[in-house]
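In case you want the letters, here they are:
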Amino acid sequence: MIRVYNWSVDLKKLEKYPEKATIWKLEQAINFGLNGEKLDKTLVKKHWKNLHIDLARKKFLKLLLWPEKS
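Quick caveat, the model's predicted, so the values are computed rather than measured.

Structural notes on the overall build of the protein chain
Counting its regular elements, the protein chain contains four helices and zero strands. Traced from its N-terminal end to its C-terminal end, the protein chain shows the element sequence α-α-α-α. Counting only C-alpha atoms and orienting by the principal axes, one finds that the protein chain spans roughly 45 × 20 × 20 Å. Looking at the protein chain residue by residue over its 70 residues, the buried ones come to 33%. Per element, the accessible surface of the protein chain, about 5800 Å² overall, is 56% carbon and sulfur.

A few points about the packing of aromatic side chains
Counted by the stated rule, this structure contains one aromatic pair. A ring pair is formed by Trp48 and Trp66, whose centres lie 5.2 Å apart and whose planes are at 75 degrees; its orientation type is edge-to-face. With Trp48 in the loop between α3 (41-46) and α4 (55-65) and Trp66 in the segment after α4, this pair connects stretches of sequence that are 18 residues apart. You can call Trp48 buried: its relative accessible area is 13%. The residue whose ring lies beneath Lys20 is Tyr17, and the NZ or CZ to ring-centre distance is 5.5 Å. Positioned above the aromatic ring of Trp48 is the side chain of Lys58, whose terminal nitrogen or guanidinium carbon lies 5.1 Å from the ring centre.

Some details on the environment of Lys41
With respect to the element layout, Lys41 can be found in helix α3. Put simply, Lys41 and Leu64 are 23 residues apart on the chain and 9.8 Å apart in space, counted from C-alpha to C-alpha.

Rules of the game
- Residues numbered from 1 in each chain as written.
- Predicted model: local features only at pLDDT ≥ 70, side-chain atom pairs only at ≥ 80, totals over all residues.
- Heavy atoms only, no water.
- Helix = DSSP H or I, 4+ residues; strand = E, 2+ residues; numbered from the N terminus.
- Buried < 20%, exposed > 50% of the residue type's maximum accessible area, 1.4 Å probe, protein only.
- Areas by Shrake-Rupley, 256 points an atom, 1.4 Å probe, with all protein chains shown as cover.
- Phe/Tyr/Trp six-rings, centres within 6.5 Å; stacked < 30°, edge-to-face > 60°.
- Lys NZ or Arg CZ within 6 Å of the ring centre and 35° of its normal.

Honestly, that's just the spatial picture; any functional story needs more than this.
Laid out in structure tokens, this is it:
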């Protein structure tokens, strides 16, 4: 899983809610950088509707995850 460095969130409390923690970690990684790690494509697709990410990044990821068929 992606390592997230954030001092404004209590990660121990957040880990009590696994789905929310996963969504938060994905959002942080996408919005602020992956630090050399890769995203889990299936997790991103699974939580796509719940991700609050930068609009430009969301459009780009959408093209990568669901390419338009000619």
